[in-house]
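Read off the chains here:
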Amino acid sequence: MKTNRLAIQLVCTMLLAITLNTSGQVKLPRLLSDGMVLQRESDVKIWGWAKAHEKITVEFTDSVYQTSADASGNWSVTMTGLKAGGPHTMIVRAEDTLVIRDILVGDVWVCSGQSNMEINMKRVSPLYEKEIAQCENNAIRYFEVPKKYNFKQPQQDLPGGKWVAAHP
């Protein structure tokens with residue numbers, strides 16, 4: 001009986017150690033992910049979460065940005081003067097490393113508020129067969145923010161979504 005209790009305590013301790021170890025991983029919001037588009041020639045904030053006071057390094061194009069997480073684990077850097085182009089890779093280093101690939105720098109358009117913006121091309125495909133067939137353009141990216149509402153408090157991240165390039 002004591003052996004079982006000791007084994008259970010050992011397993012619980014190991015699980016707790018694993019949980020504590022992985023909670024320190026540097027994390028980014030879903031919007032900052034593969035295929036993203038960053039606004040050219042503007043201040044661009046890159047942010048995320050890590051262990052409290054952890055040192056963070058962000059490498060992008062030929063620049064290196066350094067900061068430290070605050071007591072709550074929040075951190076951010078601001079990139080300036082980005083030139084149009086790509087694709088680029090961003091590396092975020094802390095105790096672990098994140099790599100974001102296929103990043104473009106260009107113009108970012110934020111669209112909202114109209115119900116007709118939700119009509120997908122499949123629904124109108126008989127009217128635009130030629131345009132749809134010829135729409136392959138990796139330089140046009142789209143990120144749909146999921147419809148999930150919480151009027152009680154601001155949210156730190158999105159529940160879903162990913163960057164998608166234009167294709168038939």
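Residues numbered from 1 in each chain as written. Predicted model: local features only at pLDDT ≥ 70, side-chain atom pairs only at ≥ 80, totals over all residues. Heavy atoms only, no water.

Q: Help me understand the nonpolar core, please; the structure alone is not making it clear to me.
A: Generally speaking, soluble globular proteins have nonpolar side chains that are buried together. If you look at the biggest cluster of nonpolar residues, it comprises 26 residues, and the most contacted ones within it are Leu 38, Ile 46, Trp 75, Met 79 and Met 90. Broken down by secondary-structure element, the contributors of at least two residues to this core are strand 1 (37–39), strand 2 (44–49), strand 3 (55–60), strand 5 (74–79), strand 6 (85–93) and strand 7 (97–106). Excluding anything up to four places from it in sequence, Met 90 contacts Met 36, Leu 38, Ile 46, Val 58, Glu 59, Phe 60, Met 79, Leu 98, Val 99, Ile 100 and Ile 103. (Core = buried A, V, L, I, M, F, W, Y, C linked by side-chain atoms within 4.5 Å. Buried < 20%, exposed > 50% of the residue type's maximum accessible area, 1.4 Å probe, protein only. Helix = DSSP H or I, 4+ residues; strand = E, 2+ residues; numbered from the N terminus. Contact = heavy atoms within 4.5 Å.)

Q: How do you make sense of a nonpolar patch on the surface when you look at a structure like this?
A: On the surface, Met 121, Leu 127 and Tyr 128 cluster together into a nonpolar patch covering about 330 Å² of accessible area. Inspection of the secondary structure puts Leu 127 in the loop between strand 7 and helix 2 (129–133). (Patch = residues over 30% accessible without salt bridge, like charges linked within 9 Å, V, L, I, M, F, W, Y side chains within 5 Å. Areas by Shrake-Rupley, 256 points an atom, 1.4 Å probe, with all protein chains shown as cover. Salt bridge = Lys/Arg side-chain N within 4 Å of Asp/Glu carboxyl O.)

Q: So what exactly am I meant to see when it comes to the sheet that holds strand 1 here?
A: Within a sheet, neighbouring strands are paired by backbone hydrogen bonds and run either parallel or antiparallel to one another. With respect to topology, 5 strands assemble into an open sheet ordered 1-7-6-3-4, the strand pairing being mixed. In this open sheet, the two strands that pair with only one neighbour each are strand 1 and strand 4 (63–68). Direction aside, the axes of adjacent strands within the sheet are offset by 30° on average. Sheet topology note: the strand 3/strand 6 ladder contains 4 bridges and is antiparallel. Along strand 6, the bridge assignment pairs Thr 57 with Arg 93. (Pairing = 2+ DSSP bridges. Axes fitted to C-alpha atoms, helices over the stretch in contact; angles between N-to-C directions.)

Q: I keep staring at the environment of Thr 89 and nothing clicks. Help me out?
A: Within the secondary structure, Thr 89 is located in strand 6. Accessibility expressed as a relative area gives 41% for Thr 89, which makes it partly exposed. Counting along the chain gives 14 residues from Thr 89 to Ile 103, while the straight-line C-alpha distance between them is 6.2 Å. In this view, Thr 89 contacts Glu 59, Phe 60, Thr 61, Val 99, Ile 100, Arg 101 and Ile 103; residues no more than four positions away in its chain are not counted.

Q: When you look at the pattern of salt bridges in this model, what are you seeing that I'm missing?
A: Pairing between side chains becomes possible if they bear opposite charge and their charged atoms approach one another. Scanning all chains against the criterion turns up 6 salt bridges. We note a salt bridge from Arg 40 to Asp 107, for which the minimum N-O separation is 2.9 Å. Remark: Asp 107 occurs in the loop between strand 7 and helix 2 and Arg 40 occurs in the loop between strand 1 and strand 2; sequence separation between them is 67 residues. Between Glu 144 and Lys 147 there is a salt bridge whose closest N-O contact spans 3.2 Å. For Glu 144, a relative accessible area of 40% puts it in the partly exposed group. Look at Lys 147 and you get partly exposed, because its relative accessible area is 48%.

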